[in-house]
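The chain contents come next:
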Amino acid sequence: MAKRTDLTTYDYRKKRARFLAESDVCHLCGHAGADVVDHVQPVAAGADPEDTSNWLPAHGVKRCPTCGRNCNGAKGAKTRPTGLKTSRDWYTA
Ligand SMILES: [Zn+2]
Ligand SMILES: [Zn+2]
């Protein structure tokens, strides 16, 4: 059985909150106030979604209070956690 990580779990959110408390400078625009984590290596490409060394703060749900950009959203939908629900099994079979 393949390892499956649910990014909506309490543990994950707690970990993310702690990560953003330590550094909330968005890696995309360079301003503070990041509210989501962006994965350096895409989870879809096999990266561990919970590996914090693969995390970078980014603006996502809330827009950047400084420049007004929705940084992670503007980058594309491919790194969004909701994409994890999509099974690739049928696609590669
Ligand atoms: Zn930003
Ligand atoms: Zn900004």
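Bear in mind that the values here come from a model prediction, so they are computed numbers and not experimental data.

## Focus on the overall build of the protein chain
Thinking step 1. Of regular secondary structure, the protein chain possesses three helices and two strands.
Thinking step 2. In the protein chain, the order of α-helices and β-strands from amino to carboxyl end is α-β-β-α-α.
Thinking step 3. Counting only contacts in the protein chain whose residues sit at least 6 apart along the sequence, the fraction spanning at least 24 positions is 54%.

## Some remarks on the environment of R16
Thinking step 1. In this fold, R16 is placed in helix α1 (residues 10–22).
Thinking step 2. Of the residues examined, R16 has 18 C-beta atoms within 10 Å and is grouped as partly exposed.
Thinking step 3. Sequence separation of R16 and T52 is 36 residues, and the distance between their C-alpha atoms is 8.6 Å.

What counts and what doesn't
Here the residue index of a chain counts from 1 through its sequence in written order. Each chain gets a letter, beginning with A, and each ligand a number, beginning with 1, in the order they are written. Local features in this predicted model are restricted to residues whose pLDDT is 70 or higher, and side-chain atom pairs enter the listing and the counts only when it is 80 or higher, whereas totals over whole chains, interfaces and linings include all residues. Secondary structure elements are defined from DSSP: runs of H or I of at least 4 residues count as helices, runs of E of at least 2 residues count as strands, and each element is numbered from the N terminus. With C-beta atoms placed from the backbone, a contact is any residue pair whose C-beta atoms sit within 7 Å. Any residue whose C-beta has 12 or fewer other C-beta atoms within 10 Å is treated as exposed, any with 20 or more as buried, and any in between as partly exposed, C-beta atoms being built from the backbone.

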